[in-house]
Structure formats: structure tokens, C-alpha cells
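Chain by chain, the residues:
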Amino acid sequence: MAQWNRLIEAPPDAVWAVLSDGRSYARFVVGTHESWEQDGQWPVAGAELGYTLKLGPWSYQGRTVSRVCEPVHRLELEARTHLGSARIAFRIEPWGDGTLVVVDEHPLQGPAARWHNSGADALLRWRHRKMLDRLDRVAVSTRDRAHGRA
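Residues numbered from 1 in each chain as written. Predicted model: local features only at pLDDT ≥ 70, side-chain atom pairs only at ≥ 80, totals over all residues. Heavy atoms only, no water.

On to the overall build of the chain. Within the chain, the regular secondary structure consists of 4 helices and 7 strands. The order of helices and strands in the chain, counted from the N terminus, is β-α-α-β-β-β-β-β-β-α-α. Expected size for 150 residues packed as a compact globule is a radius of gyration near 15 Å; at 15 Å, the chain falls within 12% of this value. With respect to the three principal axes, the spread of C-alpha positions in the chain is 45 × 35 × 30 Å. Across the 150 residues of the chain, 43% fall into the buried class. (Helix = DSSP H or I, 4+ residues; strand = E, 2+ residues; numbered from the N terminus. Rg over C-alpha atoms; globule rule 2.2 N^0.38 Å. Buried < 20%, exposed > 50% of the residue type's maximum accessible area, 1.4 Å probe, protein only.)

This part takes up the pairing of strand β4 (residues 58-70). Across 8 bridges, strand β3 (residues 48-55) lies against β4 in antiparallel orientation. Looking across to β4, one finds that Glu 48 is bridged to Val 65. Hairpin connection of β3 to β4: 2 residues between the antiparallel strands, including Gly 56 at a positive phi of 60°. (Pairing = 2+ DSSP bridges.)

Before going further, it helps to examine the sheet that holds strand β6 (residues 84-95). Pairing is antiparallel across the open sheet formed by 7 strands, whose spatial order is β1-β7-β6-β5-β4-β3-β2. Across the chains shown, the open sheet's two edge strands, defined by having one partner strand only, are β1 (2-8) and β2 (32-37). Neighbour-to-neighbour, the strand axes of this sheet turn through a mean angle of 20°, independent of strand direction. Taken strand by strand, helix α1 (residues 12-19) contacts β1, β4, β5 (74-81), β6 and β7 (98-109), and its axis lies near 160° from that of β6. (Axes fitted to C-alpha atoms, helices over the stretch in contact; angles between N-to-C directions. Contact = heavy atoms within 4.5 Å.)

A word on the confidence of the model for the chain. Detail in the predicted coordinates should be disregarded across regions flagged by low pLDDT. This prediction gives the chain a mean pLDDT of 89; 95% of its residues lie at or above 70. Mean pLDDT per element in the chain: helix α3 (residues 111-114) is the minimum at 74, and α1 is the maximum at 96. (pLDDT = per-residue confidence, 0-100.)

Turning to the pattern of salt bridges, a few remarks are in order. Applying the stated rule across the entire model yields 12 salt bridges. For the salt bridge of Arg 74 with Glu 70, the shortest nitrogen-to-oxygen distance reads 3.1 Å. Taking relative accessible area as the criterion, Arg 74 reaches 28% and is therefore assigned partly exposed. Overall, Glu 70 belongs to the partly exposed group, its relative accessible area being 35%. Residue Arg 91 is joined to Glu 93 by a salt bridge in which the shortest nitrogen-to-oxygen separation is 3.5 Å. We classify Glu 93 as partly exposed; its relative accessible area is 32%. One network of salt bridges, in which partners are shared, links Glu 70, Arg 74, Glu 76, Arg 87 and Asp 104. (Salt bridge = Lys/Arg side-chain N within 4 Å of Asp/Glu carboxyl O.)

Below you can see the structure in the form of C-alpha cells.
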């Protein structure tokens with residue numbers, strides 16, 4: 001299981017504002033070039049998020065389904081590709097003036113699930129560290145805009 005956490009210097013509602021805006025995923029999810037809400041219901045359970053991944057000249061369009069949505073506390077997603085699917089869970093905990101965000105990801109189906117190992121977990125943890133760094137910047141920016149700061 002690949003798990004990583006970060007203390008974000010913004011309140012839980014600022015972090016949730018980012019996670020509940022389907023267009024914002026391209027701003028913090030590593031490798032995502034573009035994201036959009038499929039049906040305008042994001043992030044309620046069953047809602048879908050479309051995205052484009054880009055790596056050099058290659059691009060891929062996929063979708064993510066919200067599986068568990070507990071506003072301001074927990075969001076669990078299933079990212080689907082032609083190679084299978086993965087569970088990505090965000091836990092959001094108030095921590096002083098900030099927010100502790102824990103992300104946990106593991107493959108569910110397909111080759112990645114069959115070949116899952118500690119090396120794959122190490123790569124996922126590296127990705128989570130980068131993703132939570134970006135989420136921190138976006139959430140702090142959201143907090144600052146909400147309080148009229150530039």
C-alpha cells in the first residue's frame with residue numbers, strides 16, 4: 001500500500017474546495033494535463049471526472065469515478081484506464097490551523113494489481129509527495145483568495 005501524508009497550511013474547507021472542483025485536478029495531480037467534470041455532480045459518489053495524461057508526445061484520456069464522498073473529511077476515487085483501475089483515497093483531518101492530508105493508493109484490477117510490489121509502492125509514494133506539494137500550493141492559494149489576499 002502506497003501512503004503519504006502532508007500538513008497543509010490551509011483549513012480543511014480550502015483543501016476540500018480543491019478536491020471538490022473537478023477542473024482543479026490538472027493543477028495538482030502529477031502527469032495530468034487537463035481535467036473536467038463529466039456530469040456536473042463531482043465529487044458525489046458515482047460522479048465521474050475525465051482527464052488527459054501527457055508524457056512527452058503521448059497523451060491518454062481516462063476517467064475517475066468517485067466511490068466515497070464525505071465532504072471535508074474523506075474522498076475515495078477509482079481511476080480507470082485500459083490497463084485496469086486503482087483506488088486513490090484522500091483523508092482530510094484538521095490539524096491546528098492547518099490540515100493533515102493522507103493519500104493512499106493501490107491498484108485494484110489489471111496488470112498493475114497482479115504485478116504490484118514494494119518497488120511500485122516506492123514510485124507511488126514519490127508521486128504522492130509531488131502531488132501533495134502541489135495540492136498544498138493550490139489549497140493555500142484558495143485560502144488566500146477566500147480571505148482577499150493575492
